[in-house]
Amino acid sequence: MKYAPREIELKWQKLWEEQNTFTVKEDSEKEKYYLLEMFPYPSGKIHMGHVRNYTIGDVIARYKKMRGFNVLHPMGWDSFGMPAENAAIEHGIHPSKWTNENIEAMRSQLKRMGFSYDWDREISTCEPQYYKWEQLFFIWMYQKGLAYKKRGTVNWCPHCHTVLANEQVEAGLCWRCQSEVIEKHLDQWFFRITDYAEELLEGCNTLPGWPERVLTMQKNWIGKSYGCEIEFPMADSKDVIKVFTTRQDTIYGATFMLIAAEHPLTTRLAEGKPQEKVVRDFVERVKKQDRMMRTSDYYEKEGVFLGAHCLNPVTGRKMPIFAANFVLADYGTGCVMAVPTHDQRDFEFADKYNLPKIVVIQNPENPLSEESMTEAYVDEGLLVNSGPFTGRKNLQALEDIAEHLESIGRGRKTVEYRLRDWGISRQRYWGAPIPIINCGLCGSIPVKEEDLPVVLPKEAEFKGEGGSPLAQIESFVKTICPKCGGPATRETDTMDTFVESSWYFDKFCSPHHNQKPGLEKSKVDYWLPVDQYIGGIEHAILHLLYARFFTKMLRDLGVLTVNEPFTNLLTQGMVCKETMKCPTHGYLFPHEVKEGICLQCGATVAVGKTEKMSKSLKNVIDPTHLIDRYGADTARMFCLFASPPERDLEWSDMGVEGSFRFINRIWRIVMEYLSDIRRIESFNETGHLEGDLKMLQKKYHQTIRKVTIDIEERFHFNTAISAVMELVNVLYQIQRPSGDDVKSLSVIRKAIETVIILLFPIVPHVTEELWDIIDGEGNLSGKSWPVYDPEIAREEKITIVIQVKGKVRSKIEVDADEDDDTIKERALSDERVRLYTENKNIKKIVYVPKKLINIVVT
RNA sequence: GCCUGGGUGGCGGAACUGGUAGACGCAAGGGACUUAAAAUCCCUCGGUCCUUGCGACUGUGAGGGUUCGAUUCCCUCCCCAGGUACCA
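Here's a quick rundown of the structure.

Parameters at a glance
- Residues numbered from 1 in each chain as written.
- Chains lettered and ligands numbered in written order.
- Predicted model: local features only at pLDDT ≥ 70, side-chain atom pairs only at ≥ 80, totals over all residues.
- Heavy atoms only, no water.
- Helix = DSSP H or I, 4+ residues; strand = E, 2+ residues; numbered from the N terminus.
- Buried < 20%, exposed > 50% of the residue type's maximum accessible area, 1.4 Å probe, protein only.
- Contact = heavy atoms within 4.5 Å.
- Phe/Tyr/Trp six-rings, centres within 6.5 Å; stacked < 30°, edge-to-face > 60°.
- Lys NZ or Arg CZ within 6 Å of the ring centre and 35° of its normal.
- 1 Å grid on protein atoms, 1.4 Å probe; cavity = no way out; pocket = protein on both sides within 12 Å on 5 of 7 lines; lining within 4 Å.
- Points joined across faces, edges and corners; volume = space filled by probe spheres on them.
- Nonpolar A, V, L, I, M, F, W, Y, C, P; charged D, E, K, R; others polar.
- Axes fitted to C-alpha atoms, helices over the stretch in contact; angles between N-to-C directions.
- Parallel < 35°, antiparallel > 145°, perpendicular 65-115°, else oblique.
- Near = heavy atom within 4 Å.
- Polar contact = N/O pair within 3.5 Å; in protein donor to acceptor, adjacent residues only side chain to side chain.
- Core = buried A, V, L, I, M, F, W, Y, C linked by side-chain atoms within 4.5 Å.
- Pairing = 2+ DSSP bridges.

Glancing now at the overall build of chain A. For chain A, the helix and strand inventory stands at 27 helices and 35 strands. Each principal axis of the C-alpha distribution contributes one length, and for chain A these read about 105 × 90 × 65 Å. Within the span of chain A, comprising 858 residues, buried residues form 53% of the whole. Pairs at least 24 residues apart make up 71% of the contacts formed inside chain A by residues separated by at least 6 positions.

In structure tokens form, the structure reads like this:
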């Protein structure tokens, strides 16, 4: 019998489906385990990133099930988003048709991979029965002040008359028409995530199951800093300018004031002054500069004098006020006190505009002087020129200076966060409508709860220009005010798609529950939090932070009980492949190249560097071909074997072949022994074994140990698979016992069964089939995970490495329970060691018990 | 730019908390089987050098440091990747 992957896989997939193997219900008898992979955007086809993500998840789901957990493993579709709208613009297909066809295609691809999803729980976020509840949450948030409207900036293409996403802006130009993109200010909806900044930050300390780096990134993103808000009185009026600083220790050195170009104060101060026009031009120019570049250390610092002065509150010094390109309007107060001697950006600015510098922190090693400084001194030191604080260490005076400012009524200690509120307004069609009605008399009034959902109207025109398609549908826009009954218009902004993905894991717990608030408390409480969440590292900040925020927000609305949505997080790396480029035809898909030759023109193809698989570089592998050729089991095994999950995975055709060969190798050894072991009981682990059999027994106990640890503790499936490969290699190596040697055959059977069971979560189809062939009854899906005997798995002999001056010179083999003194003695008297120690002084002997001995000689 | 990771043979990777660098697989080379090929099974496989040995030296992006001992810890630098708030 030959290994026929397709046949086997379809057979078992059908059986699992018929027997509802993966359907789950709440069960108070069993410990629950909620395993979740980030649901996909239905772009059309699954890609290798999905295959990898979902294979990792499936292995854990199946493993946990074998460990006796009640496993929830759902799948759904993050089905709102820009690509659907772009397809509508380019090909005239309605976004819902495009999306649903993609879902159909991708669902069948996922089913073909044999993933153990409970498909009864499938959800699609673009369906009204899903976004209805999101709209309800929006209304509740609005009522609590957590959703609000304010002016925000967007990328605007003046030619297309439309808002562009950041990725639609290429080098400052519109991706469709190459017009120069400008900033436009629109009234937009925001979620007040900053209300939760402190809790989100604190929460990072309650998530030991998250990768440290993700927590670090989130903490930095929230960016808490302790500082001081200081008031600088205007020189010629009663007004004040407020600044936020973390460096109040340098206040005595503040010699001028900087304001963000976009700050309303900038134009107000310059109004009616000779420099008004210059200032306006400057503001317009800065607005076009890239935000990222503006704050870069290397970017040219620029500014313009506003014709006004303020006073330093502690020195009384008259400080000129400038607008500057590197000051951000939405961090702190949008105004910065400039201390050129101790801030590099201020230093450069002062040099450029010839502004005064005063040293207030003295470098203890190399005294500073204003005239000779070539850069700002940003390290610690002693305060000078600082009134009563002169002579103190600068860091130790921070607190006292803040208190001094408070006492003179010119400042207060504050905490500042870098985190900004979440702008959720999108001027697009394919998203959940914001359930608000704008009334000329009553303002923004939420849609009545009983009128939800606000359904996205089907009829819309997709032109890619002229703004949001929704705004042009009169029947949608025109409505009446729920408060006064007068004529009103609907909000035509839709919600950011990150909103849907902020609570989909809640919905999976009770997917069919259709009563307020859309989530059934008892079920949500049973399943949440997600025990293991798996997804790409690219979501480390935004998606994960928004989902955490939403969880806390829904908790405060009484909908959820948990504080954090995801107990454990596994972030997987990207799938990469080298690019191929033909001199005339540009980037080529792998199937357009054969043996390094472009199939279109016969030219030699240049192999480029390895990059993340993307459609534009055409360095993609369609998993379908892989499945057709080798089967789902090989595809699954390759993804896992190639590298550990958190690392990037580099594509290799050869590696796939190797995984396929390994599965065949298992298949063959089972077939070879089949007639001998079919009717034999597997070894019951009693009785004494000798020679090869003893070695084999030890090996499979060790293999169970290794695979269990690798899956349970580290999700390192690559090394788990290696361990099973070693066991299979041993099976091939041992002398085949005769057909009537029942005891030996029973040990072999046990070893073979171990291989099959250990690999079941990884390659479920072929292992089910093999189990069925040798066992003939029951299926593996219900089996429990094998156990090992630590005593049998223990090595009896260990190797002690002997180093002389840190270099390996010899090795000795000793009994595992040999006492340390004997080991040392044997090491010192070792023949090869003596070659290196003879006639030398032994200065020191380092002994690492049961491992290594290092003899230091002089 | 900023934040966060990563860099180990020809290649993917292994090495749990500072203790034998290169498990396992791929590629390559050799052998067995075969009329032959494929498939399969077995062996070799970081580099340099020589006196070819149970050999010496060298080797984990580069350069320093700590240590009896560093892929692992510290400092400086180079390269690559992810995120950077409207891609998801």
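Below, the discussion takes up the packing of aromatic side chains. This structure, assessed with the given rule, holds 45 aromatic pairs. The interplanar angle of 65° and the centroid separation of 5.7 Å between the aromatic rings of F115 and Y117 together place this pair among those described as edge-to-face. One exposure class covers both F115 and Y117, and it is buried. Seen from their ring centres, F244 and Y331 are 6.2 Å apart, and the 85° between their planes marks the pair as edge-to-face. Note that F244 is positioned in strand β9 (residues 240–245) and Y331 in the loop between β12 (318–324) and β13 (335–338), a separation of 87 residues in sequence. Under the relative-accessibility criterion, F244 is labelled buried at 9%. Linked through ring pairs, F138, Y142, W189, F191, Y196, W422, F498, Y546, F549 and F550 together constitute an aromatic cluster. Its guanidinium or amino end placed over the ring of F476, R490 lies 5.7 Å from that ring's centre, counting from NZ or CZ.

If you roll a probe as big as a water molecule over the atoms, it shows you where there is empty space left. Each pocket or cavity is described by its volume, and for the second largest pocket that value is around 670 Å³. Of all the elements in the fold, those that place two or more residues in the lining of the second largest pocket are β9, β13 and α11 (344–353). With 3 residues, β13 is the single largest residue contributor to the lining of the second largest pocket. Looking at the lining of the second largest pocket residue by residue, the classes come out as 10 nonpolar, 9 polar and 4 charged.

We now examine the packing of helix α2 (residues 48–66) against helix α19 (residues 632–642). Two elements in contact, α2 and α19, have axes separated by 9 Å at closest approach and are oriented at 90°. In terms of orientation, α2 lies roughly perpendicular with respect to α19. Contact residues: α2 offers M48, V51, R52, T55, I56, D58, V59 and R62, while α19 offers R636, C639 and L640. Residues of the contact of α2 with α19, tallied by class, amount to 6 nonpolar, 1 polar and 4 charged.

Of all residues adjacent to RNA strand B, which total 72 residues, the nearest are D78, R428, A642, Y836 and N854. Atoms of RNA strand B within 4 Å of the protein: sugar and phosphate make up 69%, bases the balance. A distance of 3.2 Å separates a phosphate oxygen of RNA strand B from a polar atom in the side chain of N729. With 7 residues, the top contributor of residues to the surface near RNA strand B is helix α22 (residues 717–733). In the surface near RNA strand B, the residues fall into 28 nonpolar, 19 polar and 25 charged.

Attention now moves to the nonpolar core. In terms of nonpolar packing, the biggest core is built from 188 residues, with Y34, F191, Y504, F549, F550 and L696 touching the most fellow members. The biggest single contributor to this core is helix α20 (residues 653–677), with 12 residues. Setting aside chain neighbours within four positions, we find F191 in contact with F138, M141, L146, A147, Y148, D421, W422, I424, V499, F549 and F550. If you look at the next biggest cluster of nonpolar residues, it comprises 42 residues, including V243, A323, F347 and L405.

Looking at where E681 falls in the secondary structure, it is placed in the loop between α20 and α21 (691–714). The class of E681 is exposed, set by a relative accessible area of 68%. When neighbours within four sequence positions are excluded, E681 is seen to be in contact with S746 and R749.

Once that is clear, we can look at the sheet that holds strand β10 (residues 256–260). The pairing of strands in a sheet comes from backbone hydrogen bonds and takes either a parallel or an antiparallel form. The strand order β11-β12-β10-β13 describes an open sheet built from 4 strands, whose pairing is mixed. At either margin of the open sheet sits one strand with a lone partner, and together these are β11 (303–311) and β13. Adjacent strand axes in the sheet meet at a mean angle of 25° when their direction is disregarded. As judged from the 4 bridges shared by β10 and β13, these two strands associate in the antiparallel manner. Each bridged residue has a counterpart across the sheet, and for I259 the counterpart in β13 is C335. Where α11 meets the sheet, it contacts β10, β11, β12 and β13, and its direction lies at approximately 110° from that of β10.

Bridge analysis of strand β8 (residues 225–233) against β9 gives 6 bridges, and the strand direction is antiparallel. The residue bridging E229 from the neighbouring strand is F244, located in β9. Count of turn residues in the β8/β9 antiparallel hairpin: 6 residues.

Before going further, it helps to spend a moment on unusual backbone geometry. Note the cis peptide between K516 and P517, where omega equals 0°. One can find P517 in the loop between α15 (504–507) and α16 (521–527). Along the chain, L528 connects to P529 via a cis peptide bond; the corresponding omega equals 0°. Relative to the assigned elements, P529 resides in the loop between α16 and β24 (530–536). The backbone phi angle of N385 is positive, close to 50°, even though this residue is not glycine. The topology assignment puts N385 in the loop between β15 (382–383) and α12 (394–407).

These figures come from the coordinates and say nothing about function on their own.
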